[in-house]
Amino acid sequence: IVQRMEITFIVGDVIEDKIYGTTTINAMGIGETEAKCFIKAFQTIKPNNPELMAFVNKAKDDIVSYYTNNCQFIIQDADRMIGMQQSGEAIATLVAVPKVCTECYTACQTKAIDTYKILIEFEGKQLIQDARSAWLVKRDYDCAAKALDILAKVNPDAQCQSEANLLIDEINTQLRKIEEAKAAAAKARWEFQVKQ
């Protein structure tokens, strides 16, 4: 089987639905089956093909130009996502900027770090609230175990970690009081038995 084909290469961003460049290269393959024919055709395309190299370099320049010209819009879009409580998506948008766009990359990385701090703070406060709710049900060992499991998920870098530590201290204090009460009751029973 002999196949002559045109193979189209596209450089694009699927998420943004943006195409930075396309080129078509003619190839021919010969093989016993259609699949082998395709494989042979693809093997004829060399990475150092001048047409392919020019295409990649132009697409790279277009990508750099796109991010350089649209940096403010990317940051504004991330701000919009943060406002809608979509911090994860905002971080993904910000870290997608390639390193070759130095100024935009630096600005977006800084914004991504700030957004990450907001995200872990928000999640931490939510976890602390969940832990407090679990603890206040009965204030016993089972509730303490549930609350402590939830508090273990609070990111140690979050500023609300100090609030989580206060709740942990409160739980420990209450559990000590329970233990002291049990010990006092056991001692009182023992002393009563001794008197009997």
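Scroll up to find the structure.
Residues numbered from 1 in each chain as written. Predicted model: local features only at pLDDT ≥ 70, side-chain atom pairs only at ≥ 80, totals over all residues. Heavy atoms only, no water.

Turning next to a nonpolar patch on the surface. Together, Val2, Met28 and Ile30 make up an exposed nonpolar region whose accessible area comes to about 280 Å². Relative to the helices and strands, Met28 resides in strand 2 (residues 18-30). (Patch = residues over 30% accessible without salt bridge, like charges linked within 9 Å, V, L, I, M, F, W, Y side chains within 5 Å. Areas by Shrake-Rupley, 256 points an atom, 1.4 Å probe, with all protein chains shown as cover. Salt bridge = Lys/Arg side-chain N within 4 Å of Asp/Glu carboxyl O. Helix = DSSP H or I, 4+ residues; strand = E, 2+ residues; numbered from the N terminus.)

This paragraph deals with the pairing of strand 2. Consecutive side chains along a regular strand alternate between the two faces of the sheet. In this sheet, strand 2 lies alongside strand 1 (residues 2-13) in antiparallel orientation, the contact comprising twelve bridges. Along strand 2, the bridge assignment pairs Phe9 with Thr23. Hairpin connection of strand 1 to strand 2: four residues between the antiparallel strands, including Asp17 at a positive phi of 55°. (Pairing = 2+ DSSP bridges.)

Put simply, helix 3 (residues 71-83) and helix 5 (residues 102-136) touch, their axes get as near as 10 Å, and they point 10° apart. As the angle between them shows, helix 3 and helix 5 are arranged roughly parallel. Note on element contacts: helix 5 touches helix 3 through Cys104, Ala107, Cys108, Lys111 and Thr115, opposite Cys71, Ile74, Ile75, Asp79 and Ile82. When grouped by side-chain class, the residues that make up the contact of helix 3 with helix 5 number seven nonpolar, one polar and two charged. (Axes fitted to C-alpha atoms, helices over the stretch in contact; angles between N-to-C directions. Parallel < 35°, antiparallel > 145°, perpendicular 65-115°, else oblique. Contact = heavy atoms within 4.5 Å. Nonpolar A, V, L, I, M, F, W, Y, C, P; charged D, E, K, R; others polar.)

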